[in-house]
Amino acid sequence: MVIAVNTRFLAMENPDGFGRFTKEVLERMVKANPDHQFHFFFERPFPPQAIFSSNITGHVLSPPARHPLLWKYWFDVKVAAMLRKLKADVFFSPDGQCSLTTKVPQCVVVPQLGFLHHPGSYRKTHQRYYQFYTPKFIRKATTVLTVSNFSKKDIIDRYQTPENKIVVVYKGVKPIFQPLDFNAQNAVKDQYTGGTEFFLYVGAIHPRKNLVNLLKAFSIFKRRLHSSFKLVLAGRMAWKNDEFSELLKTYKYKDDVIVTGLLEEVELAKLMASAYAFVYPSPFEGFGVPVIEAMKCGVPVLTSKNSAMEEITEGAALYFDPENPAEMGEKLMRVYKDEDGRKELIQKGTSIAQQYTWERAADAVWQSIMKTATNFKH
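Cut-off values and rules
Residues numbered from 1 in each chain as written. Predicted model: local features only at pLDDT ≥ 70, side-chain atom pairs only at ≥ 80, totals over all residues. Heavy atoms only, no water. Helix = DSSP H or I, 4+ residues; strand = E, 2+ residues; numbered from the N terminus. Rg over C-alpha atoms; globule rule 2.2 N^0.38 Å. Buried < 20%, exposed > 50% of the residue type's maximum accessible area, 1.4 Å probe, protein only. Areas by Shrake-Rupley, 256 points an atom, 1.4 Å probe, with all protein chains shown as cover. Lys, Arg positive; Asp, Glu negative; His and termini not counted. Charge placed at Lys NZ, Arg CZ, Asp CG, Glu CD. Contact = heavy atoms within 4.5 Å. Core = buried A, V, L, I, M, F, W, Y, C linked by side-chain atoms within 4.5 Å. Pairing = 2+ DSSP bridges. Axes fitted to C-alpha atoms, helices over the stretch in contact; angles between N-to-C directions.

A. View of the overall build of the chain. For the chain, the helix and strand inventory stands at 14 helices and 13 strands. The globule rule puts the C-alpha radius of gyration for 378 residues at 21 Å, and the 22 Å found for the chain is close to it. With the C-alpha coordinates of the chain rotated into their principal frame, the extents come out at 65 × 40 × 40 Å. When each of the 378 residues of the chain is scored for burial, the buried share is 56%. Split by element, the accessible area of the chain, about 16,700 Å² in all, is 51% carbon and sulfur. One way to put it: in the chain the 50 positive side-chain charges average out to a point 7 Å from where the 38 negative ones average out.

Structure representation (structure tokens):
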């Protein structure tokens, strides 16, 4: 079978989101199916390591698609033409977009509809593009993959999509995320917090992640308990974080807040496994990978109720209203004071996290691609 793949995000140096999903799934899926031919579509020159198997052929479809008008041209003209030339049996697109002009069956990943829920988090041209074209992509696709039942319901509710057209494929967590022994944890604490216990958040420093409310909750925790605990925020400084940056300058407990910036994955896994608890206050995600990474590291999780994170943690976390700093602060105090409850969260979370593997995700994607090609022919 000839399988064409949109690999625009595979060429990224530090893959995140679409890029990480693309890389982890494709590396496993392609190697597990050596009898099939894969054609990777790039929009710019790609690194040699992107062609990691002998059954892959790479194609650069120029020009580079760096803004919505060129996205449209790339998918509807360049991709459609190459699909015809290759006589592709199916086209897999993991970044929420597809070709509206091809007759080839398409399997498209739509992880979440953040552009509808948090439009201010997107550049205006991108937000308008997604708002206009996403329903068209979903209608055009033969199969739509998404990363949680939370997102599946959102797609169905927003676009009246038939339920049997959408397949849930949970993301995975790398084996590098695992518990650390006592001495290794102490070394990490010495490095980042001067030996002090800490709460950890991992993700972009961005308004959509709700970090202003996290700071307010941490204030409540510090004021009530007079603890030496630190708050560590690990992630890149994204755009539109002015409110957070200004608040941090005048924040009463700013000396207890450590912002690490973007960390290498090995370092991040060590930091994660050394936290007293992991706090993820984002009100809206398609999945929330850091939550499962923390659970796999043997760290208790506090996260948003009525979210995809509540779904994937299956009751093995403490949940709060992300818009209520007082409730968030109460959960910080609870995990601090209730050691037996904390140990129970760790035990349950470690067990649940084992099911979230990239092997499982890759197999589910492969089954959907095969079903897409087969059902379309019949």
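B. Representation of the environment of Ile 51 in the model. If you trace the backbone, Ile 51 turns up in the loop between strand 2 (37-42) and strand 3 (56-60). Residues contacting Ile 51, with those up to four places away along its chain left out, are Phe 40, Phe 42, Phe 46, Ile 56 and Gly 58.

C. Inspection of the nonpolar core at higher detail. Counting 95 residues, the largest nonpolar core has Phe 40, Phe 92, Phe 199, Leu 200 and Phe 278 as the members making the most contacts within it. Aside from chain neighbours lying at most four places away, what touches Phe 278 is Leu 200, Tyr 201, Val 202, Met 272, Pro 290, Val 291, Ala 294, Val 299, Pro 300, Val 301 and Leu 302. Membership of the second largest hydrophobic core comes to 30 residues, among which are Val 108, Tyr 133, Ala 141 and Ile 166.

D. Highlighting the sheet that holds strand 1 (residues 2-6). Spatially, seven strands are ordered 3-2-1-4-5-6-7 in an open sheet, and the strand pairing comes out parallel. Each having just a single partner strand, strand 3 and strand 7 (166-168) make up the two edges of the open sheet. The mean angle between the axes of side-by-side strands here comes to 20°, regardless of whether they run parallel or antiparallel. As judged from the five bridges shared by strand 2 and strand 3, these two strands associate in the parallel manner. Residue pairing across strands places Phe 41 opposite His 59, the latter belonging to strand 3. The strands touched by helix 2 (residues 68-86) are strand 1, strand 2, strand 3 and strand 4 (90-93); relative to strand 2, the strand with the most contacts, the crossing angle is about 155°. The sheet contacts of helix 5 (residues 149-159) involve strand 6 (143-146) and strand 7, and relative to strand 7 the element is tilted by about 165°.

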